[in-house]
Amino acid sequence: MAESVEAELKERFAPVGAEIEPDVLAELMSIMRLHSIDTQELWYKWESYSMKMGADDMKLTIETVRALKQDIQDGLERDNRTKAHLLSSNKRGGATPRSVASNGDVFGMLDGLVPNTPKVGSTNKAGTRKKFETPSLSRVKAEPASSPPDFKTPYKPGEQSGQTVSFHDRPNAGQTIEILNDHLELPEPPIAPYGEPRIKLTANSDMKKLSYKPMAMKSSEASEILDERIDDFMALIQTHHKLEDSAFGSAASQSTNEIVAIGRIASDALEGRLNASSLVLETSRRMGAGLRIPLKVDALKGFQFFPGQIVALKGINASGDSFKVSEVLEAPLLPSAASTPSGLEAHLQRLKGGPDAMDSDSAAAPLNIIIGSGPYTTDDNLDFEPLHALCSQAADSYADALILVGPFLDIDHPLIASGDFDLPDEAMKEPDTATMSTVFKYLVSPAFIQLCSANPHITILLVPSVKDAISKHVSWPQEPFPRKDLGLPKSVKIIGNPMTLSLNEVIIGISSQDILTELRIAEVTGGSKKDPSILTRLPKYMVEQRNFFPLFPPVDRESLPKTGTKSGIPAGAMLDTSYLKLGEMINVRPDVLIVPSSIQHFAKVVESVVVVNPGYLSKQKKTGTYAKMTVYPRPLTDEERGSSVVAHQVFERARVDIVRI
């Protein structure tokens, strides 16, 4: 037994052409015994720890292994404290005991049942099976291990209305329909894969905080979070505008003196859209006892509000019945992202292939990042042809990174929602154990395996969605879904939702929530708008509010775009109000903000942030779009080399192409 464990550890952890030192091997086995985990689970923990420490190629030494051991122990102690707190605070007489394990349901019965698992007894007729063809002629197709599944899910005409175009007959495939910074050249792809990864991946958000227990929200905790956001905003306004404490007051208190009132925009009605006559300001308990007061905005030249927006309003409440607004004070923005000159030089060397590269004096090739968003297959099948086509593009261009935003197995997909589809024969060896993880392994993972075989040093990032059938974490903010049993290659990393991370010096903020569509539905504007373009105004709300989902409450599900399911009602935002603080932008504005949405795809610069909506790769009955981002290195002047920090200015050196798949 010990020899087999040692062999597994050596196979998984040993560097190429080297052996694991005996003391390191002993420490790894000690961790496995102490925490009752297998080699695969230990590898996942090591990979997560390396990413947290910002080192893609962290060396396996006795010091790093002991640090890993301590990190696992610290995490276990935190979990135990949290569980103990929940148990002590949630005791109820006669209540049924329930498990508090973070990765399981009450009786372990939901896995594979919600949504429905594929019909085990269902099989395709011989006439309905077709040989799967790869989406395009590419380097992926030439790889022996890169053939997609040899089956196609059946198309059921009785369940679909309207004409569906075959993926291979799609019009204008590969057409570029929008370009940001078209003065920057689109470089030719290299003739061969890079010899080593050109990206250093660093997590700027603490993913461990996302591993909270969903569906355990308390109204008291939720109200404290909402109140705290208003009070924090008041401190920002006071510092930015250099105001005295006496300048602030409660909008709900009658007074003839002009004050600055801080609060949250809300509606005076539970139903219906927000409009100018239904505007109210919700105060915090500290500043206004939590009261709401109607707003009169007739004196403003123009306004743009949405529910949940934290605002600073100057005005008077002379009658005690309403607050007459004379001015909306501007909110301060987070500072722009910056790095030290030495840090930028290190990233430049990485782009060139390291200090030992033969052509180190030549110009470094820019980063090539491809961005796609689910759904990844049309409503009439689960062939995932758009996903295979996108991975082919990443292989053909030898992309440095592929960022894919969920959902991957969409609960709003008609076949997933009904469970009426088939799996390949190799997945049905034990049909009674098939779950959504099995579906992912045999329908989605092959595309990544193909890509990694053609482009070994690519970095693939998967961002979950609250609509992902494989994720048990059903609320937003959302933890990464577990990669166990998914059959993913090592190059694939699963991150949180939302997440802020760095690819070299480039800080990227990502959220799979369709906040832009909800803001478009919920906002109210009047007079001369400060930002006439809606595609600029919507992401600017996020930047100004410093939040990936500043809307509260979210839009009613029935007001959102309809899905292809029987009910047609989408899943919605599924917010956990107690943890909305995890949805805030931290410390600096991101260089790039990725916000997939059903509204028109675009790439724009908003407040020095490159905002990218790549569109959806698949749109029910037709194919969609993706984004290709080219980021040139940051040049340094002699003056900047002597500075302590240098602004990234990615908006000046990033080209974004929106392309039809």
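Keep in mind it's a predicted model, so treat the numbers as computed, not measured.

J.: Where do I start with the overall build of the chain in this structure?
T.: Within the chain, the regular secondary structure consists of 16 helices and 24 strands. Pairs at least 24 apart in sequence give 74% of the contacts found in the chain among residues at least 6 apart. Total accessible area on the chain stands at roughly 30800 Å², and carbon and sulfur atoms take up 51% of it.

J.: For this particular structure, what's the right way to read helix α9 (residues 385-396)?
T.: An α-helical turn contains 3.6 residues, so any two residues separated by three or four positions project in the same direction. With 12 residues, α9 ought to run about 16 Å at 1.5 Å a step, and its terminal C-alpha atoms sit 16 Å apart, in line with that. In terms of residue burial, α9 counts as a mostly covered element, since 10 of its 12 residues are buried. What α9 keeps buried is the set Glu385, Pro386, Leu387, His388, Ala389, Leu390, Cys391, Ser392, Ala394 and Ala395. Tyrosine 398 sits one or two residues past α9 and shows a positive phi near 50°.

J.: When you look at the nonpolar core in this model, what are you seeing that I'm missing?
T.: Here is a general trend for soluble globular proteins: nonpolar side chains tend to be buried in one another's company. Counting residues in each nonpolar core, the largest one holds 45 residues, and the members touching the most others are Leu387, Leu402, Leu404, Leu409, Phe440, Phe448 and Leu462. Mapped by element, the contributors of at least two residues to this core are α9, β11 (401-405), α10 (414-418), α11 (436-443), α12 (445-454), β12 (459-463) and β13 (492-494). The element contributing the most residues to this core is α9, with 6 residues. Core analysis: the second largest hydrophobic core is formed by 34 residues, Ala203, Ile403, Leu503 and Ile508 among them.

J.: Help me understand the packing of helix α13 (residues 515-522) against helix α14 (residues 534-545), please; the structure alone is not making it clear to me.
T.: If you want to describe how two helices pack, look at the angle between their axes and the distance between the axes. The contact between α13 and α14 brings their axes to 10 Å, and the two run at 105°. Taken together, the axis directions place α13 and α14 in an arrangement best described as roughly perpendicular. On the side of α13, the interface is formed by Ile515, Leu516, Leu519 and Arg520, while α14 contributes Ile534, Leu538, Pro539, Tyr541 and Met542. Residue composition of the contact of α13 with α14, by class: 8 nonpolar, no polar and 1 charged.

J.: How should I be thinking about the pattern of salt bridges in this particular structure?
T.: Pairing between side chains of opposite charge can happen when their charged atoms approach one another. Inspection of every chain in the model, using the stated rule, returns 21 salt bridges. Between arginine 286 and aspartate 231 there is a salt bridge whose closest N-O contact spans 3.8 Å. Linking arginine 286 in helix α7 (residues 285-288) with aspartate 231 in helix α6 (residues 219-241), this pair joins segments that are 55 residues apart in sequence. With a relative accessible area of 56%, arginine 286 lands in the exposed category. Lysine 581 is the partner of glutamate 584 in a salt bridge, and the nearest nitrogen-oxygen pair spans 3.8 Å. The class of lysine 581 is partly exposed, set by a relative accessible area of 37%. Taken together, the shared-partner salt bridges connect Glu228, Asp232, Lys581 and Glu584 into one network.

J.: Explanation requested: the sheet that holds strand β10 (residues 367-373) in the structure shown.
T.: Through backbone hydrogen bonds, the strands of a sheet pair up, either in parallel or in antiparallel fashion. The 7 strands lie next to each other as β1-β24-β22-β10-β11-β12-β13, forming an open sheet whose pairing is mixed. Edge positions in the sheet fall to β1 (176-180) and β13, since each of these pairs with one other strand and no more. Neighbour-to-neighbour, the strand axes of the sheet open up by a mean angle of 20°, direction not taken into account. Of the strand pairs in this sheet, β1 and strand β24 (residues 654-660) are connected by 4 bridges, and their pairing is antiparallel. Bridge pairing links glutamate 178 to isoleucine 658 in β24. Along the sheet face, α12 touches β11, β12 and β13 and points at about 160° away from the line of β12.

J.: What is the right way to read α11 from this model?
T.: Within α11, 6 of the 8 residues are buried, leaving the element largely enclosed by the surrounding structure. Regarding α11, the residues found buried are Met436, Ser437, Thr438, Val439, Phe440 and Leu443. For α11, the elements touching its buried residues are α10, α12 and β12. Capping of α11 at its N-terminal end is provided by threonine 435; its side-chain oxygen lies 3.2 Å from the backbone amide nitrogen of serine 437.

J.: Just to check I follow, could you spell out the packing of aromatic side chains for this structure?
T.: For any two aromatic rings, the description comes down to two numbers: the centre-to-centre distance and the angle of the planes. Counting across every chain of the model gives 8 aromatic pairs. Between tyrosine 212 and tyrosine 579 the ring centres are 3.9 Å apart and the planes differ by 10°, which places this aromatic pair in the stacked class. A residue pair is termed long-range when its members are at least 10 positions apart, and tyrosine 212 in the loop between β2 (201-203) and α6 and tyrosine 579 in the loop between α14 and β17 (592-594) qualify at 367 residues. Aromatic ring contacts, followed pair by pair, group Tyr376, Phe408, Phe440 and Phe481 into a single cluster. One Lys or Arg, arginine 170, reaches over the ring of phenylalanine 167 and ends 3.9 Å from the middle of that ring. Above the plane of the ring of tyrosine 194 lies arginine 198, whose end atom (NZ or CZ) is 4.2 Å from the centre.

J.: When you look at the pairing of strand β5 (residues 292-296) in this model, what are you seeing that I'm missing?
T.: Consecutive side chains of a regular strand alternate in pointing toward one face of the sheet and then the other. Of the strand pairs in this sheet, strand β4 (residues 279-282) and β5 are connected by 3 bridges, and their pairing is antiparallel. Note on β5: the bridge partner recorded for leucine 281 is isoleucine 293. Note: β5 against strand β8 (residues 323-329), 2 bridges, orientation parallel. Looking at the pairing, leucine 295 lines up with phenylalanine 323 of β8.

J.: Help me understand the sheet that holds β5, please; the structure alone is not making it clear to me.
T.: Strand order around the closed barrel formed by 5 strands is β3-β4-β5-β8-β7, with mixed pairing between neighbours. Here the strands of the sheet are splayed against their neighbours by 55° on average, with no regard to which way each runs. With 5 bridges connecting them, strand β7 (residues 310-317) and β8 associate as antiparallel partners. In the strand pairing of β8, lysine 314 is matched with glutamate 327. On the sheet, α6 packs against β3 (255-267), β4, β7 and β8 and is oriented at approximately 135° with respect to β3.

J.: Explain the confidence of the model for the chain here, please?
T.: Close inspection of predicted coordinates is inappropriate in any region flagged by low pLDDT. This prediction gives the chain a mean pLDDT of 84; 84% of its residues lie at or above 70. Scored below 50 in pLDDT, residues 90-138 makes 75 contacts in the model with residues more than four places away or belonging to other chains. Note on residues 155-161: pLDDT under 50 across the span, and 11 contacts to partners over four residues away in sequence or across chains.

J.: When you look at unusual backbone geometry in this model, what are you seeing that I'm missing?
T.: Trans is the prevailing form of peptide bonds, just as negative phi is the prevailing case for residues other than glycine. Following asparagine 497, the chain continues into proline 498 via a peptide bond in cis, with omega recorded as 5°. Looking at the secondary structure, you find proline 498 in the loop between β13 and β14 (499-503). Even without a glycine there, the phi angle at glutamate 607 is positive, about 50°. Within the secondary structure, glutamate 607 sits in the loop between β18 (602-606) and β19 (609-613). On the accessibility criterion, glutamate 607 (30% relative accessible area) is partly exposed.

Basis of the calculations
Residues numbered from 1 in each chain as written. Predicted model: local features only at pLDDT ≥ 70, side-chain atom pairs only at ≥ 80, totals over all residues. Heavy atoms only, no water. Helix = DSSP H or I, 4+ residues; strand = E, 2+ residues; numbered from the N terminus. Contact = heavy atoms within 4.5 Å. Areas by Shrake-Rupley, 256 points an atom, 1.4 Å probe, with all protein chains shown as cover. Expected span 1.5 Å × (residues − 1). Buried < 20%, exposed > 50% of the residue type's maximum accessible area, 1.4 Å probe, protein only. Core = buried A, V, L, I, M, F, W, Y, C linked by side-chain atoms within 4.5 Å. Axes fitted to C-alpha atoms, helices over the stretch in contact; angles between N-to-C directions. Parallel < 35°, antiparallel > 145°, perpendicular 65-115°, else oblique. Nonpolar A, V, L, I, M, F, W, Y, C, P; charged D, E, K, R; others polar. Salt bridge = Lys/Arg side-chain N within 4 Å of Asp/Glu carboxyl O. Pairing = 2+ DSSP bridges. Polar contact = N/O pair within 3.5 Å; in protein donor to acceptor, adjacent residues only side chain to side chain. Phe/Tyr/Trp six-rings, centres within 6.5 Å; stacked < 30°, edge-to-face > 60°. Lys NZ or Arg CZ within 6 Å of the ring centre and 35° of its normal. pLDDT = per-residue confidence, 0-100.

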